[in-house]
Every structure is written in structure tokens, then in C-alpha cells.
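As a plain string of letters, each chain reads:
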Amino acid sequence: MAMKSHLLPEFIVERDNERCDSCKVCIKQCPFGVHYYDEEKDRVYSREELCVGCQRCVVYCPKNALKVIPYPKHYRPNDYWNESYIRDIKKQAESGGIILTSCGSARRTKIYWDHILLNASQVTNPSIDPLREPMELRTFLGRKPDALEIDLENMEIKTELHPNLMIEAPILFAGMSYGAISYNAFKSLAMAAKKFGTLFNTGEGGMPKDMREEFKDCTIVQCASGRFGVDPEYLNYSAAIEIKIGQGAKPGIGGHLPGEKVTAEISSTRMIPEGTDALSPAPHHDIYSIEDLSMLIYALKEATNYEKPVCVKIAAVHNVAAIASGMVRAGADIIAIDGFRGGTGATPKIMREHVGIPVELALAAVDQRLREEGIRNKCSVIVGGGIRCAADVVKAIALGADAVYIGTAALIALGCTMCQHCHTGKCAWGICTQDPELSKRLNPKVGAERAYNLLRAWSLEIKDVLGGMGINAIESLRGNRDHLRGIGLEEWELKVLGIKGAGE
Amino acid sequence: MINRISVSDGRITKEVQACAVFGVMDRSGRRFRGGMVINAMKNMRVRGNGLGGGFAVYGIYPEYKDCYALHIMFQDDDPGLKQEVDEFLHRNFDVVNDEEIPTNEEASVEDPPLFWRYFVTPQKKGEDKNLSDDDYVVKKVMYINTCINGAYVFSSGKDMGVFKGVGFPEEIADFFMLDELYKGYIWTAHSRFPTNTPGWWGGAHPFCILDWTVVHNGEISSYGTNRRFLEMYGYYCTLYTDTEVIAYAVDLLMRRQRLPIEVVAKIFAPPMWDQIDRMQENERKFYTTLRMVYAPLLINGPFTVIIAHHGEMIGLTDRIRLRPITAGEKGDMLFVSSEEAAIRAVCSHPDRVWTPHGGEPIIGRLRSN
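In this text, all values refer to a predicted model and were calculated from it rather than measured experimentally. (Residues numbered from 1 in each chain as written. Chains lettered and ligands numbered in written order. Predicted model: local features only at pLDDT ≥ 70, side-chain atom pairs only at ≥ 80, totals over all residues.)

Of the regular secondary structure elements, chain B holds 11 helices and 16 strands. Taking 21 Å as the expected radius of gyration for a compact globule of 369 residues, we find that chain B reaches 20 Å, a close match to that expectation. Its C-alpha atoms give chain B principal-axis dimensions of roughly 60 × 50 × 45 Å. Here chain B, with 369 residues, has 54% of them falling under the buried criterion. Looking at chain B alone, contacts between residues at least 24 apart form 75% of all its contacts between residues at least 6 apart. (Helix = DSSP H or I, 4+ residues; strand = E, 2+ residues; numbered from the N terminus. Rg over C-alpha atoms; globule rule 2.2 N^0.38 Å. Buried ≥ 20, exposed ≤ 12 C-beta atoms within 10 Å, placed from the backbone. Contact = placed C-beta atoms within 7 Å.)

Residues and elements named next belong to chain A. Counting residues in hydrophobic clusters, the biggest one holds 259 residues, and the most contacted among them are Ile335, Ile337 and Val404. The leading source of residues in this core is helix α15 (residues 444-469), at 10 residues. When near neighbours in sequence (up to four residues on either side) are disregarded, Ile337 contacts Ile314, Ala316, Val320, Val359, Ala362, Leu363, Val366, Val381 and Val383. (Core = buried A, V, L, I, M, F, W, Y, C linked by C-beta atoms within 7 Å.)

Residues and elements named next belong to chain A. Among the secondary structure elements, Glu242 is positioned in strand β14 (residues 240-244). The class for Glu242 is buried, based on 28 C-beta atoms found within 10 Å. In the structure, Glu242 is positioned 58 residues away from Leu300 in sequence and 9.6 Å away in space, judged by C-alpha atoms. Sequence-distant contacts of Glu242, that is, excluding residues within four places in its chain, are made with Gly175, Asn201, Ile220, Gln222, Cys223, Cys311, Lys313 and Ala336.

So, on to the domain arrangement of chain A. Residues and elements named next belong to chain A. Each assigned domain of chain A is listed here: domain 1 (11-97) and domain 2 (139-144 + 169-501). Taking only C-alpha atoms into account, the centre of domain 1 sits 33 Å from that of domain 2. At the junction of the two partners, domain 1 supplies 9 residues and domain 2 supplies 7 residues. Its residues assigned to classes, the side of domain 1 that touches domain 2 comprises 5 nonpolar, 3 polar and 1 charged. (Domains from an automatic or database assignment. Nonpolar A, V, L, I, M, F, W, Y, C, P; charged D, E, K, R; others polar.)

Taken together, the 37 residues of chain B in the interface contact 43 residues of chain A. Examining the composition of the side of chain B that touches chain A, we find that 6 residues originate from one element, helix α10 (residues 281-293) of chain B, more than from any other. Broken down by class, the residue content of the side of chain B that touches chain A amounts to 19 nonpolar, 11 polar and 7 charged.

It is worth spelling out α10(B) at this point. End to end, α10(B) covers 18 Å across 13 residues, agreeing with the expected 18 Å (1.5 Å per residue, within 8%). By the burial criterion, the buried members of α10(B) are Phe286(B), Thr288(B), Thr289(B), Leu290(B), Arg291(B), Met292(B) and Val293(B). Lining the buried residues of α10(B) we find β7 (139-141) and β9 (156-157) of chain A together with α8 (261-268) and α9 (273-276) of chain B. (Expected span 1.5 Å × (residues − 1).)

Relative to the helices and strands, Ile150(A) is located in strand β8 (residues 150-151). Take Ile150(A): there are 21 C-beta atoms within 10 Å of it, and that puts it in the buried class. Those residues in contact with Ile150(A) that sit more than four places away from it in its chain are Ile157(A), Lys158(A), Leu259(B) and Val263(B).

This next bit is on unusual backbone geometry. Omega for the peptide link from His205(B) to Pro206(B) comes to 0°, which places this bond in the cis form. By the secondary structure assignment, Pro206(B) is in the loop between β8 (186-194) and β9 (207-209). In this structure, Asp42(A) takes a positive phi of about 50° despite not being glycine. Taking the C-beta count within 10 Å as the criterion, Asp42(A) has 8 such neighbours and is therefore assigned exposed.

What follows concerns the sheet that holds strand β4 (residues 93-100) of chain B. All names here are of chain B. Across the sheet, 4 strands lie side by side as β4-β5-β3-β6; this open sheet has antiparallel pairing. Each edge of the open sheet is held by one strand with a lone partner, namely β4 and β6 (151-155). When strand polarity is set aside, the average angle formed by the axes of neighbouring strands in this sheet is 30°. In this fold helix α2 (residues 79-92) packs onto β3 (68-74), β4, β5 (114-122) and β6, with an angle of close to 145° to the strand it touches most, β4. Together, β3, β5 and β6 form the strand contacts of helix α3 (residues 133-147), whose direction differs from that of β6 by roughly 140°. (Pairing = 2+ DSSP bridges. Axes fitted to C-alpha atoms, helices over the stretch in contact; angles between N-to-C directions.)

Once that is clear, we can look at helix α6 (residues 223-231) of chain B. Within α6(B), 8 of the 9 residues are buried, leaving the element largely enclosed by the surrounding structure. Every buried residue of α6(B) is listed here: Tyr223(B), Gly224(B), Thr225(B), Asn226(B), Arg227(B), Arg228(B), Phe229(B) and Leu230(B). Each element contacted by the buried residues of α6(B) is listed here: α11 (359-372) of chain A together with α7 (242-256) of chain B.

It is worth spelling out the sheet that holds strand β18 (residues 334-338) of chain A at this point. Residue and element names in this part refer to chain A. Read from one edge to the other, the open sheet built from 8 strands follows the order β11-β21-β20-β18-β17-β14-β13-β12, with strand pairing classed as parallel. One side of each edge strand has no neighbouring strand; the edge strands of this open sheet are β11 (171-173) and β12 (200-201). Across 2 bridges, the pairing between strand β20 (residues 380-384) and strand β21 (residues 403-406) is parallel. Within the sheet, the bridge partner assigned to Ile382 lies in β21 and is Ala403.

Inspection of the secondary structure puts Phe115(B) in strand β5. Sequence-distant contacts of Phe115(B), defined by excluding residues within four places in its chain, comprise His71(B), Met73(B), Glu100(B), Ile101(B) and Thr103(B).

Residues and elements named next belong to chain A. Close contact between helix α12 (residues 390-399) and α15 brings their axes to 9 Å; oriented N to C, the two are set at 55°. On the basis of their axis angle, the class for α12 and α15 is oblique. Where α12 crosses over α15, the two elements pack in a sense that is right-handed. Contacts from Ala390, Val393 and Val394 of α12 reach α15 at Trp458, Glu461, Ile462 and Val465. Of the residues belonging to the contact of α12 with α15, the class tally is 6 nonpolar, no polar and 1 charged. (Parallel < 35°, antiparallel > 145°, perpendicular 65-115°, else oblique. Left-handed = near helix turned anticlockwise from the far one by under 90°.)

Have a look at this one:
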């Protein structure tokens, strides 16, 4: 017997019938089937229980006739048994399954970025005007030697150097696979990275053959537990290699790209049969220990003639500092830490909301630990997982990061509205979908321009802040926690962050 | 009272200050009295506020030139403190001679602490045997500065010494009777204008480790970055001033890593990337690598600094010359100063006076070297 659903709609679709002329654009735009045309009445109606609030129809309605607004809270207000818990229980009572979701954690937990304030120069130290003086954001990622041996006569450096990546601002695009996101979204990021002088990351889904030559210098290729698309050519057409151990949105579990998304192109890029599920195991089955990680790091270095830095990416978990130290000792040139607000194309909600720790605390702990062990310059640290704006970038650098990964922010630049329905594969903005009709909505040229503009805008803002601090090179901000103060934080939090309270 | 730390958790206060610096060297090695440098500092009196002055002098202890001369300040009136230091020194060194540093009780300084000097040679034991003499001395100095509360080693080089305290430079010179008692071939000096903390004797310049001294004017906006990087190499900033990080960075790069000042100047004050990108290939590669590897030792923000060690005196300003430095020379005499007026006040007809670009060091070396 069919069960009557007890779920309330999440959004109300308000149509101004004076403005609507039944042009049906909204019907065409909505992949969730919210809008429909009633021929008899010659009017467009909405099934709002299907609406995910992605706002595609609102933006594209030529008459500005639509409003999509949150459904008013109907249950009796209760801080403990709030809407979210009631809704999830009802959903599970109807489905008997795990609740799937996407994007990053939406739950209310302390946002440390918002409890950190930045410094500026006054009197004793001049601020520097970024409109008149150079402001340098160029960043190098990779292992650095302790000292340089220099042949002074010939101005020659005799120390053999480990490979390093040079980027023009400390911002990279985080790993998002072709498969999780559309080809056009994937290519938009590659093009933006290339134009700007930074790097994008393939995620775990391989690199389409037609993009390899053009983007090889701005690509970080990922090697994850599914090893999709990994072969010597893939590894060598890159600027760096990243071993993905974990992801902030779902630490400790693997991934699952359903067979219906494995199109012919994805099948050849991932090197798996068309239409089969692409399963990433929870662990790498050849890495059950730190020694095993070291072997994979060096296998990848061998395969690429020690010409590329190897990055290891982990989710920010409780013991992150000790793990990071082990990774550096195992040979990682770069370590990437993904905080619990990191995004994803699909995850069980329980993992997204409850596993892992904020990247701000993880970063501070890792940076401090590596310094105490005297190995901080043996690696670079990239952090990601919820970087929302240039101020977050500045705070991350001052806490000790060499650079940040942005995933969610980059997708928002392309059009994402954080509706958290990536896992349905029906992204109305053509980003998180393999439906050719939907993905063609995103023109890579336009997407690249938006993503590039975001990098440019954030860089300008970072320069402004640096100038205010009297700093003209980003390296002088790195790990410079003197320029940070905490507000509304407990003593233990200040201690973990290694910063003082405001006014101290 | 300022608390000591051994390993910082990143939350140290530092002092903010403005200052005057002056250095003079006779490149022939001839030793001379301090009157000239004291007069130059008087000329720049307005740049200080009487809360700190100090001098470094090279060539003052020829009779003990093979011993490390430790100038130690005892902050507290606790006889046990000096005893603790004495015992520590006797355990770790041969103390060839020790005495109170002579002072003028008539001098107008308030509440001076006790100063003692020890002429010592290392007595290495156990795993310390693998250390060079210099590294051994650094380690022991760091121990006293971080672990013995109230005792500070002001200087630790051979045949040189640092004299500093709370007061205008001429008052400090008067207190230590510098003009009467000492002759040196390099003199550097500093006058302080601390802006956020009352002066204390340990916070005055010059800063010294072994025979390396630094006097500095400016506020380093990269302090946190520099300090935390140096901690990885065993340098703990205990005196809470910007200058200390420069002193330790100089020690790390010039003494331990044996980089010449020409290179170190480009680490502290490197050329801009757009300049580097336009260089010839080998030069571009050189500067790119230098910046990449030594990024944490870029000294950002305004500074004028005078670095000295035996045989060499160096003046340097920051990469965008927010605090210019002026140089002058007459014969073998080389002057570096915050202001040209101070040079002209003590040398009426210099052969040449110039103001170098940011990041370009003025280097004075002994002719015989």
C-alpha cells in the first residue's frame, strides 16, 4: 500500500499571475519538475513539494514573476526537536534508509573564522597603499631545504631542490571530479586556473584526454582509493599529484558514483565500463599504515621521475596534528587538510554533520606541531573546507597555511546556490550533473570568467588587508598569528589557535 | 615582570618602538674612543625618549681575545640568582676571570641592575662534545636567557661587548664610562623610543649573540612569521622586541649557514617579483630560489638595521625603504646613520655621503681582511 508522505514542502513558490504570461521558461529550467502547464486553464502551476530552492527559475523568469521562499515553520517551535530532526525522522520512517545529502555541513557549529579579527598598522608602522606599492601574493608549494649552498661567483645555487609549485595567489581550486561535476564545470575551473596562474585539481575521476596537453601545467591530478583514470600518462600530465585519503564532508568513508552517471566520456576518463557504478573504497586498500602511505608516495614519485610534488589530502579529524606529522615524515611534500565544512557531491548526512573538526583548529594544531618538530618547511600546508571569502583566506594564511583550496566557493562562482541536491544529479545550473541538457547550461568560457574574476577579486582584497597590516609579501603573513585576535573564544580555543584575545 | 617561556604557543607580546641608530668603523682596524659615537647619538636625541640606549664595541678586550666575554645582567636583587648563574657557568665553562662591570654611580640612570662580566672558554661534556664552540655557547646562552629567571646575557662574543640600559644613550655611556674605559674599531649605537611598554634594561639595543650584534629602528610587521620560523632552529625570542629576531636570523644565516651579507641582504629585503621576472635567466633563478626557500625570513615593514661582527659592519634598510639609512665615509672611517646630520655632526667634511636603495647593504670590512 502506498504510504502517504508526511513531509512538508521546504519552499513556497509564489507566482505573480499578473506578471506570468505562461511562457514556460520555468518549466524548461526546472529539472525537478516543479512547474507544469495546465492547458485547460492556460496557466502555469507549481508542485512546491518538489522544489529544492535552487532559484534557477527565479533568475531565468523573463517576467520576474517568481519568488521561491522558505516554507514557514509549521511545527510547534522547539529548539531541541527542531524542523531538521523532525523532517529527517519522517523521511527515514518513510524510506528506511540513510539520509543522503551534499555540499558541506549546514548545522550550526561555531565558525572560528568569525571569531578571529585582523590587525592593521597605526602610527608606529606605516600601512602600505596597495594602489601605489607592489603587493606580492606569489606562493610556492612543496618541500624546502633547510639551507642553500651558494656558489657566489656564478650566482648559482648548488643545493638540489625539491620540485615546487608556483602560484600567483595562495588560492587553488579543490579536487572535484569529472563525474561529480560536469565536464563544463570541470573545464571552467581548469581554464580559470590557467589564466590566473594557479592550479585546479582533478578530484578522483581522472583527466579527460582532450584536456591533458592544454592544462598539464595547472593540474593537480588526484590518486584516490578507486584509482580511477590513474596511469603513467595521467600522472605525468600534471603539475603535482595528490593522494586523497579523506574528505572533510565525509571522513572515513568512500564514494559512490552511480552507474547512470557513468557516461561514455566518464567511462573512458575513469577507465571503467560504461554504466557501472564507480565505487571508491573507504580506505586505500594498499594503505593500511603510515609505511604503506610512504610506499605509495614514493611509487608516484618514481613514476614521475621525482619531478612533481606529492600532496596527501586528509580530512580534519581529532588526531590531525600527529597524522600530518607522520605524512610529512612519510615523504609528502604538501599536506592538504579538509575541514568538516568541506563540500561533496553526495554524502550520508550523518557524516557531513557529525564527523571531523573545524579546519581553523586543525590548521592551527598542525602548523604548531610541525614547527615543534622542526619540519614545517619540509612541506607546505593547504587547507580547505568552507573558505567563504578573502578574509577567511587571510586568516588561514596567518594561522599558518601556505594556501587554501576553494571548492564550494568556486562552484558558487559558476552558479551554484547551495541547494544541497548535488546527489540527485539534477543540478539546474549545469554544475553537478551529467545530463547533457543540463550541463550545457554552463558555458565553460563564461564559467571560467566567473571563476577567474573571483580569484582576482579575492586577490585584490587580500592585498588591501596586507597593505593595512604593513606587509607587502604574503610570506610575511604566513603563520604570523600576531596579526590575529580572538573574540568570544574560551581560553582553550585561544590556546589551540595560538592567538590572543582582542584587547590583549 | 615578564614571564619566560621555552616553547611558545604563538602568543607572545612584542614591543613596538621607534629609534635612532648609528655605526662607525675604522676599516684600518685602529681602535678609538667612544666620544664620536656618543656625540652622534646626542645629535639625534629627539629620535629617542630616554627609555633605552646602548652600544656595541669591537676590540675592547684584547687581553682576553680567546675567551668568550659574557656580559650578564641580573634583574632581581636576589643573591641566589647570581649564585645560580655562577654555578651554571662553572659547570659548563672554564671561567678565566670574572668581575663586576665598572659603572659610574654618579650617572643619571634610575635603578640600574647588577652587571657582571665573565671571560670563559667552553668545557664541553657528553653529547655537547659534537657541538662547535660557537654552537655550544649559543646553547648555554639560550639556556640562561630562557630558563634562569631574571638573568640575561647581554653579549657573548670574543673581544667585544654590549653595554645598554634604560636612559638616553649618552646617559648609558656615562653610566658604563664608555669614553674613558674602552677603545674599539667598530662602535654601533642605539637610542630607543618604545611606544607601548616602559623601557627595561633587557629590552634596549644592541642585541647580541656571540659576536654578532644588531641595532635596529622600525617595526617589523613580519615578526610573528620570523619568530616562529627561528624557533624551529632553536632560537627563542625572550626579549620581546623585533630586533631580537633580526639578531637570530643573522646568526642563523651568516654564522651557521655561512651566507655572505650580500645574499642575506636579499633574504631580508628581496627584490620585488616583477623585478625578478625581468632579470636574466640565471639571476632570475637565483633570486626566485632565494625567495622561495627563505620566505619566512623576509623582514617586512620599515627597518633600518646595523649589523656588526668582528671585521664587518653592515647597514641595511627595508625593501621599499620606509626607513632610509644614510652612509658616509672619510678615509678609513665608515659611518652609517639614521640621519645624515649625525654623520656631519662628528665628521665635518666627509668624502662621500649617500642614501642607498632599499635592500642594498652598505658594507664595511677591515682592510687587512
